[in-house]
Amino acid sequence: MDRGRLLTVPNTLSLSRFVLAGAFMFARDPVPRVVLIAIAALTDVLDGWIARCTRTGTRWGALLDPVADRAFMLAAFFTCLVIGELKLLQVIILLLRDIMTAVGFIVARSVSWLRPITFRARIPGKLVTVAQVLTLLAAILAPAWVVVLVPIVGILALASIADYTFMLWRERAT
């Protein structure tokens, strides 16, 4: 993995999600908002795929990708909260995995008996992301589905939190 290059194609795709997040905050019509979500999801899939296929993964990319994902989702959920498509408790549940991942990252870096590990995407976390995107689309296109999807995201988030916690515990220094 190249440690130094920032402006690779995969990293540029990741960086584009910050721009898409800003655009989402100003878009009010459903069609442009859905298109922005679709483009963000596509860039999320493509950046990793291109990095793996072309072996252009970088340390920057490993950091940028999850941060860009969270920035887009945070901007989108808070935009939906501000315009009344989501309630505060729903947004908290939708962001539960992300909040706990941040806490876990800080704990992993702060506790001396934990070995430094690299947080990588895992299947339960990917399922949370898919459910978050579906909930975001439902908030815009089919609001009645939000009350069904938010608890699903919450359950998947708890499973993801447990998965990451067990991984951290297994990888601790012994």
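(A) Representation of the nonpolar core in the model. Counting 28 residues, the largest nonpolar core has F24, I37, F72, F77, L86 and L136 as the members making the most contacts within it. When residues of this core are traced back to their parent elements, those giving at least two are α1 (9-26), α2 (30-54), α3 (59-82), α4 (88-94), α6 (123-141) and α7 (146-170). A total of 7 residues in this core trace back to one element, the largest contributor, which is α6.

(B) Spatial organisation of a nonpolar patch on the surface. A cluster of nonpolar side chains, L6, L7, F18, W60, L63 and V67, forms an exposed patch at the surface whose accessible area comes to about 570 Å². Considering each element in turn, the nonpolar patch owes the most residues, 3 residues, to α3. Among the secondary structure elements, V67 is positioned in helix α3.

(C) Structural context of the packing of aromatic side chains. Summed over all chains, the structure comprises 1 aromatic pair. Look at F24 and F72: their rings are 5.8 Å apart centre to centre, the planes differ by 70 degrees, and that puts the pair in the edge-to-face class. Highlighted residues: F24 in helix α1 and F72 in helix α3, separated in sequence by 48 residues. The pair formed by F24 and F72 is uniform in burial state, with each residue classed as buried.

(D) Fine view of the packing of α1 against α3. One can describe the packing of α1 onto α3 by two numbers: an axis separation of 8 Å at closest approach and a directional angle of 10 degrees. Between α1 and α3, the angle falls in the class roughly parallel. In this structure, α1 crosses over α3, and the sense of that crossing is left-handed. Taken together, the residues of the contact of α1 with α3 sort by class into 15 nonpolar, 4 polar and 3 charged.

What counts and how
Residues numbered from 1 in each chain as written. Predicted model: local features only at pLDDT ≥ 70, side-chain atom pairs only at ≥ 80, totals over all residues. Heavy atoms only, no water. Core = buried A, V, L, I, M, F, W, Y, C linked by side-chain atoms within 4.5 Å. Buried < 20%, exposed > 50% of the residue type's maximum accessible area, 1.4 Å probe, protein only. Helix = DSSP H or I, 4+ residues; strand = E, 2+ residues; numbered from the N terminus. Patch = residues over 30% accessible without salt bridge, like charges linked within 9 Å, V, L, I, M, F, W, Y side chains within 5 Å. Areas by Shrake-Rupley, 256 points an atom, 1.4 Å probe, with all protein chains shown as cover. Salt bridge = Lys/Arg side-chain N within 4 Å of Asp/Glu carboxyl O. Phe/Tyr/Trp six-rings, centres within 6.5 Å; stacked < 30°, edge-to-face > 60°. Axes fitted to C-alpha atoms, helices over the stretch in contact; angles between N-to-C directions. Parallel < 35°, antiparallel > 145°, perpendicular 65-115°, else oblique. Left-handed = near helix turned anticlockwise from the far one by under 90°. Nonpolar A, V, L, I, M, F, W, Y, C, P; charged D, E, K, R; others polar.

Fair warning: the whole summary comes from geometry, so function is off the table for now.
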